[in-house]
Amino acid sequence: MADGDGLAREHRRYLWGLCYRLTGSAADADDLVQETLLRAIERPPARTDEPVRPWLTRVAVNLGIDRLRARRRRAYDGPWLPSPVETDGDGVLEIGIEPVETEGRYDLLESVSMAFLVALEALTPRQRAIVLLCDVFDWSVKEAADALGMTETAVKTMHHRARRALSTYESSRTRRTPELVEKTREALGRFLMALGTTDGKALESMLDAEVRHLSDGGGEFFAARLPILGRDRVGRLFVGLGKRHNMGAQFAFRMVNGMPAVVLEHAPGRKLAPRSVLQCEIGEDGSIRAIYWVLATKKLSAVGPIVS
């Protein structure tokens, strides 16, 4: 067994990426990595002649499942969105996984997209772990069963149910390409321009008829407490916000979770977040079909401020 510093150097990035995908929280990923490495030092695996990464994965995944269960037992004010994580270029290294190809159903960048992480919220903690192990990291059913202390039959059954729960995501899944990244950036720019001028018609023209808006203020700032669905309702919401607040006082485009997003900063007001991250998801026709807006302060630790 390597010493603590050696374990951290070799496995921290991998463990962080795994725990972030499992919990959707950068802060939880930080805590879980520390707990996993501490357990490896204080209660190391009995077999020292075997690779340590599978053992670390088992520990991290089971700690993460416990963390997810505890989080879901607590009431949350409004929709729960993942913590945005700022990335550069392809984003693989920054998001916590070394750039290796897998044969999984979902590639490493798709598995940290807002759309995918939001879809995973529909799963139970164990289902979520199985999807990540089998469909992202390409573990076998036997390996997943050993990691989770389950039978192979139980894993297969739970995996099938999880994939069924993800069927809506699958039906609208869009592959990340350079063209999609550029079109998303352009859509964000047009959206901000319409928002700044409170041009309701221009704004609504960019929205898919069944667009959905999710905002996470964590009970700390003003945010819609329920998902807002449909072009008319989402359009009216943002026109109203644009009229009441100077939404574009200062903004910067960033790559967040592998896709373009915008960081917004403005003078704080009563229940108005001074900083937030807004990201949109577009369809094949270029219309905006989902808007994710994260305002809660504790969710923004992995996104840097705008530098003047």
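Not measured: the values here are computed from a predicted model. (Residues numbered from 1 in each chain as written. Predicted model: local features only at pLDDT ≥ 70, side-chain atom pairs only at ≥ 80, totals over all residues. Heavy atoms only, no water.)

**Student:** Can you lay out the overall build of the chain for me, pointing to particular residues and giving the numbers?
**Tutor:** The secondary structure content of the chain amounts to eleven helices and seven strands. For 308 residues, the compact-globule formula gives about 19 Å, and the C-alpha radius of gyration of the chain, at 20 Å, lands near that figure. C-alpha atoms of the chain, sized along the principal axes, occupy 65 × 40 × 40 Å. Per-residue burial for the chain yields a buried fraction of 52% across its 308 residues. Surface accessibility of the chain: about 14800 Å² in total, with carbon and sulfur atoms responsible for 51%. The chain carries 44 positive and 42 negative side-chain charges, and their two centres are separated by 7 Å. (Helix = DSSP H or I, 4+ residues; strand = E, 2+ residues; numbered from the N terminus. Rg over C-alpha atoms; globule rule 2.2 N^0.38 Å. Buried < 20%, exposed > 50% of the residue type's maximum accessible area, 1.4 Å probe, protein only. Areas by Shrake-Rupley, 256 points an atom, 1.4 Å probe, with all protein chains shown as cover. Lys, Arg positive; Asp, Glu negative; His and termini not counted. Charge placed at Lys NZ, Arg CZ, Asp CG, Glu CD.)

**Student:** Tell me about the side chain of Gln127, residues and numbers included.
**Tutor:** The topology assignment puts Gln127 in helix α5 (residues 125-136). What makes Gln127 buried here is its relative accessible area of 12%.

**Student:** With reference to specific residues and values, describe empty space enclosed by the protein.
**Tutor:** Under the counting rule described, the total for this entry stands at two cavities of 30 Å³ or more. Considering only enclosed or pocket space, the second largest cavity measures out at about 30 Å³ in volume. Those elements that provide at least two residues to the lining of the second largest cavity are β2 (207-216) and α11 (231-244). The residue makeup of the lining of the second largest cavity, split by class, is six nonpolar, two polar and no charged. (1 Å grid on protein atoms, 1.4 Å probe; cavity = no way out; pocket = protein on both sides within 12 Å on 5 of 7 lines; lining within 4 Å. Points joined across faces, edges and corners; volume = space filled by probe spheres on them. Nonpolar A, V, L, I, M, F, W, Y, C, P; charged D, E, K, R; others polar.)

**Student:** Please provide a residue-by-residue account of the UniProt feature "domain: RNA polymerase sigma factor 70 region 4 type" (unreviewed entry) in the chain, values included.
**Tutor:** Taken from the UniProt record, the annotation "domain: RNA polymerase sigma factor 70 region 4 type" (unreviewed entry) applies to residues 114-166. Helix makes up 77% of residues 114-166 and strand 0%, with an end-to-end C-alpha separation of 14 Å. (UniProt positions renumbered as here; feature names shortened; annotations may be inferred.)

**Student:** Please give an account of the pairing of strand β4 (residues 250-256) that cites residues and values.
**Tutor:** Note on strand geometry: in a regular strand, side chains alternate between the two faces of the sheet. Where strand β1 (residues 86-87) lies against β4, two bridges are found, and the strand directions are antiparallel. Bridging across to β4, Thr87 finds its partner in Met255. Both β4 and strand β5 (residues 259-265) contribute to a ladder of seven bridges, which runs antiparallel. Bridging from a neighbouring strand, Phe253 pairs with Val262 of β5. Between β4 and the antiparallel strand that follows it, β5, lie two residues; Asn257 among them carries a positive phi value of about 55 degrees. (Pairing = 2+ DSSP bridges.)

**Student:** Give a detailed account of the environment of Ser301, specifying residues and quantitative values.
**Tutor:** Relative to the helices and strands, Ser301 resides in the segment after β7 (288-294). Residues Ser301 and Ala27, 274 residues apart in the sequence, show an inter-C-alpha distance of 7.8 Å.

**Student:** For the UniProt feature "domain: RNA polymerase sigma-70 region" (unreviewed entry) in the chain, give the residues involved together with the corresponding values.
**Tutor:** Those places that UniProt annotates as "domain: RNA polymerase sigma-70 region" (unreviewed entry) correspond, in this numbering, to residues 7-74. Secondary structure over residues 7-74 splits into 81% helix and 0% strand, and the C-alpha atoms at its two ends are 33 Å apart.

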